[in-house]
Amino acid sequence: ISCTGGILEKTEFEPSLYMALPAAETLVVPAVMNGWRGTAFDYCVKLKAIEVEEENPYYISVDGVFYGEGQNQLLKVPNAIEVTEFVVPDTVYNIFGWSFANCTNIQSVKMSNGVERIDGEAFKNCPALTKVVIPASVTEIFDSTFAGSEQVVIYTWSGSFAETYAKENNIT
């Protein structure tokens, strides 16, 4: 991993590895890196962009956001990304756990109709998050997906799985 503070040679994502990089604003994932763990970049509180070397067969980066399986899995939006509104690309079917966790600037997220699943703690501790648009295509939302994101309001279709989830979890 190269970053604004140096290079670390690893082939798997280890959360403890990134504890030493809280000031990193950009991380570059090398071609040999695989084995994603959702909390790997959790301690990188100033992270604005995650880049991936072109030769990496497992991951890609688009506009500083980290994806797996081409662009089918949203893995991580950097904690300090400099956008307030985020639109999940049409290619994404799975929002991984911790993918938006601890994002300080994101206020609104709109998901495309291709999204089917939102893993646990995907939106954990997002203090500015007030609006999430979830399509009727979503059929799984795990427990604690919005833990610590107290102001969030879910916008969805009547009769959808997301509407039931919101009601059961007291999210307006």
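Above this text you will find the structure in question.
Residues numbered from 1 in each chain as written. Predicted model: local features only at pLDDT ≥ 70, side-chain atom pairs only at ≥ 80, totals over all residues. Heavy atoms only, no water.

## Considering the sheet that holds strand 14 (residues 153-155)
Working step 1: Taken in spatial order, the four strands make up an open sheet running 8-10-12-14, and their pairing is parallel. Lying at the two open borders of the sheet, with one neighbouring strand each, are strand 8 (85-87) and strand 14. Strand-to-strand twist in this sheet, taken as the mean axis angle between neighbours without regard to direction, amounts to 15 degrees.
Working step 2: For strand 10 (residues 108-110) and strand 12 (residues 131-133), the ladder comprises three bridges, and the chain directions are parallel. In the sheet register, Val109 faces strand 12, and the bridge partner there is Val132. (Pairing = 2+ DSSP bridges. Helix = DSSP H or I, 4+ residues; strand = E, 2+ residues; numbered from the N terminus. Axes fitted to C-alpha atoms, helices over the stretch in contact; angles between N-to-C directions.)

## Points about the side chain of Asn94
Working step 1: Summarising the element assignment, Asn94 is placed in strand 9 (residues 94-95).
Working step 2: Asn94 has contacts with Asn72, Gln73, Leu74, Arg117 and Asp119, leaving out every residue within four places of it along the chain. (Contact = heavy atoms within 4.5 Å.)

## Examining the sheet that holds strand 13 (residues 140-141)
Working step 1: Spatially, the six strands line up as an open sheet ordered 5-6-7-9-11-13, and their pairing is mixed. One side of each edge strand has no neighbouring strand; the edge strands of this open sheet are strand 5 (59-62) and strand 13.
Working step 2: In this sheet, strand 7 (residues 73-76) lies alongside strand 6 (residues 65-68) in antiparallel orientation, the contact comprising three bridges. For Phe66, the partnering residue across the bridge sits in strand 7 and is Lys76.

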